[in-house]
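Observations on the three-dimensional arrangement
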Amino acid sequence: MIEAPEPDNEAQRLAALESYSILDTLPEQAYDDITFLASQLCDTPIAIMSLVDEHRQWFKSKIGLPATETPRRIAFCAHAILESELMVVEDAARDERFINNPLVLDEPRIRFYAGAPLVDSNGQALGTLCVLDHQPRELTSVQRECLNALARQIMAQLELRRTAKELRGAVQILEGQADLIERDLHRAEIIQRSLLPAEAPNLANFNVRTLYRPGHTIGGDLYDVVSINERHLALVVADASGHGVSAAMLSVLFKNHMHVQDAATHVAYQPGWALTRINASLRANPPAPGVFVTTVYCLLDIEERRLVVGSAGHPPLILLRADGSVETIEHTGPALGLDNNAEYAEHEIYLHADDQLLLYTDGLLDIGQQEKDIEDIARTLQEVKHHEHPLEQLLLAFTGGLIRQDCDDVTMVLLSASPGESGFNLSSDALDLTPMAAEEQPTIHFTETEEGTLFVIAGRMTWLYGQPLFDAAIAALDGGRNIIIDLGSCEYMDSTLLGTLHELLDQAQKASQTLMLQNVGQALEDSFRELSMQGILACIEKTAVELPANLVPLDLQATHGTRQQQRLLKAHEMLAELSDENREQFASVVQALRSELEEKGSKPDA
């Protein structure tokens, strides 16, 4: 008898076998059916599905044999896994490899053996599907083909088994990540609410009402109403790019840098100067590439009824005059954090009795089933002007009671030039708003062209899908490729995706590559222009690259939970370093994130 040598790739082969988690499992009908067919087709009394591990061959399925395993050193299958094709022993008593083998001399007294290797997609032989007889014999060519075909079916079953195991593991990971995301969103909401004012000021001949409704994913909305002195009132509404804790962190940075008055003299800062100052501060200490804040700062002289407005890339303010006419107040400069040399002009208007001024974030335009515009807001505001709760009624009228599941935060501040009680509605959670059914997920396809790597974006792109696009585009830049992004089928981009485009432009310039946009719709172009994203506007190409047929879908579900947690930890640590108050407020959050990472065996980055 000659013992079979170990394959050269034995360590890799054993690892592959282990990955299927099949050894020492209970019988399964699928494998028993195949061994039965092998026995019938080859007309043999014995058929076995054998798996060869380090010291034995173990039988997952068997026909006509009582044993469940045998030592590897005497196994016919230990020889068969060394072969690339079907191994046939027509008479074991005449084969020097098996002539003195206990399986030949004693029960089951094997004389004939034919084994088809079970080979995985990486070429690793895990075992065999074999048929045996007590008499010498041969197989026909048809029987040989059938045995090989059945061996391939066993491998297909094994691959399905492993895929099912991996899917179960992926589901567990996703469920764990969903829990983590929910906890992070809860923390982000706590941060956001802590930034909002709690008490409304008492005003002569004016009143202020507010409404704040956080989206499910928590954006970066922020508002403030500050009585600087008996004569001056400051109103601020801001929207930080991003969602979750990152947006909350950016909101905290904005609020810490946003000052409406001199600390020593208590003199009110003019809006244009204040916005220029905070923009310089954010540019000098950016929290991350590509992030930005849109904001509007209004300074009201209560006695003169004079309002000075400075707006950094924010949606137009709506001024509803007492006579029913409508005026809009456009932004006076780009979003904060995008341009080192940005300057901010000012608008000056006078408010008359019963005039109303609405400040809002862009989440209002996209919260319902159909996107709205400024004319819709003005018309609805006119209809609910005299209602006891005008902002709540405006929101209900806009949504019809149905809101998008991926909607952004909505913030509204209504300044009325009439006596009345001011009130801060910190949340509209009490409103009867029902989430709509989830829409079809957007898609990103890509391919390589002579001009560079082409990405085709379709559908509504929100922060949920920005990271895969960013990672793939950075990989293209690292490979020395230009980036082309086709937006012809892109219906919408939220602020995070707009910031991502800005960051990709910055990275492309650093890599001496180009970023090109093509087939840009008017709505998206208006968004770029509203945010004063001049660099992105300059990337729009009039002549589009033809879309090829060989587009490959980009996996939009790819994520890395540990990496995400590490970023969250860094964000909270950064918040904690801003002040003693923050350090106390976020201590429990930082500790919780550290503990979660340590439980997973991942050390927080230094």
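Look above for the structure.
Quick look at the structure, then. (Residues numbered from 1 in each chain as written. Predicted model: local features only at pLDDT ≥ 70, side-chain atom pairs only at ≥ 80, totals over all residues. Heavy atoms only, no water.)

The next thing to look at is a nonpolar patch on the surface. Side chains of Phe36, Leu37 and Leu41 sit close together on the surface and give an oily, nonpolar patch of about 270 Å² of accessible area. The topology assignment puts Leu37 in helix α2 (residues 29–42). On the basis of relative accessibility, which here comes to 41%, the residue Leu37 falls in the partly exposed class. (Patch = residues over 30% accessible without salt bridge, like charges linked within 9 Å, V, L, I, M, F, W, Y side chains within 5 Å. Areas by Shrake-Rupley, 256 points an atom, 1.4 Å probe, with all protein chains shown as cover. Salt bridge = Lys/Arg side-chain N within 4 Å of Asp/Glu carboxyl O. Helix = DSSP H or I, 4+ residues; strand = E, 2+ residues; numbered from the N terminus. Buried < 20%, exposed > 50% of the residue type's maximum accessible area, 1.4 Å probe, protein only.)

Moving on to the pattern of salt bridges. For the structure shown, the criterion picks out 25 salt bridges. The shortest N-O distance in the salt bridge between Glu28 and Lys60 comes to 2.9 Å. Residue Glu28 is found in the loop between α1 (10–19) and α2, and its partner Lys60 is found in strand β2 (residues 56–63); the two are separated by 32 residues along the sequence. Look at Lys60 and you get buried, because its relative accessible area is 4%.

With that settled, consider the environment of Val237. When you line up the elements, Val237 lands in strand β9 (residues 232–240). Val237 gets classed as buried once you look at its relative accessible area, which sits at 0%. Considered as a pair, Val237 and Thr294 are 57 residues apart in the sequence and their alpha carbons are 8.5 Å apart. Non-local contacts of Val237, meaning those with residues more than four positions away in its chain, are made with Leu222, Tyr223, Thr294, Thr295, Val296, His314, Leu359, Tyr360, Thr361, Thr411 and Val413. (Contact = heavy atoms within 4.5 Å.)

Reading across the sheet, the six strands line up as β3-β2-β1-β6-β5-β4 and stay open at both edges, with antiparallel pairing between neighbours. Edge positions in the sheet fall to β3 (69–71) and β4 (87–89), since each of these pairs with one other strand and no more. Pairwise comparison of adjacent strand axes, ignoring direction, gives a mean angle of 25° for this sheet. Here α2 sits on the sheet in contact with β1 (46–52), β2 and β6 (125–133), set at roughly 75° to β2. (Pairing = 2+ DSSP bridges. Axes fitted to C-alpha atoms, helices over the stretch in contact; angles between N-to-C directions.)

A word on the environment of Leu477. Among the secondary structure elements, Leu477 is positioned in helix α10 (residues 466–478). Using a relative accessible area of 6% as the deciding quantity, one classes Leu477 as buried. With near-sequence residues (within four places) excluded, Leu477 lies in contact with Ile483, Leu504, Gln507, Ala508 and Gln513.

Next up on the list: the packing of aromatic side chains. Across all of its chains, the model carries five aromatic pairs by this definition. Ring geometry for Phe76 and Phe98: centres 4.0 Å apart, planes at 10°, overall stacked. With Phe76 in helix α3 (residues 76–80) and Phe98 in the loop between β4 and α4 (102–105), this residue pair connects regions lying 22 residues apart in the sequence. Geometrically, the ring pair formed by Phe446 and Phe455 is tilted, given 6.2 Å between the ring centres and 35° between the ring planes. Note on Phe446: relative accessible area 24%, which makes it partly exposed. When its relative accessible area of 1% is taken as the criterion, Phe455 is described as buried. Members of the aromatic cluster, joined through ring pairs, are Phe76, Phe98 and Tyr113. Its guanidinium or amino end placed over the ring of Phe112, Arg137 lies 5.5 Å from that ring's centre, counting from NZ or CZ. Of note, Arg460 hangs over the ring of Tyr492, and the distance from its end group to the ring centre comes to 4.4 Å. (Phe/Tyr/Trp six-rings, centres within 6.5 Å; stacked < 30°, edge-to-face > 60°. Lys NZ or Arg CZ within 6 Å of the ring centre and 35° of its normal.)

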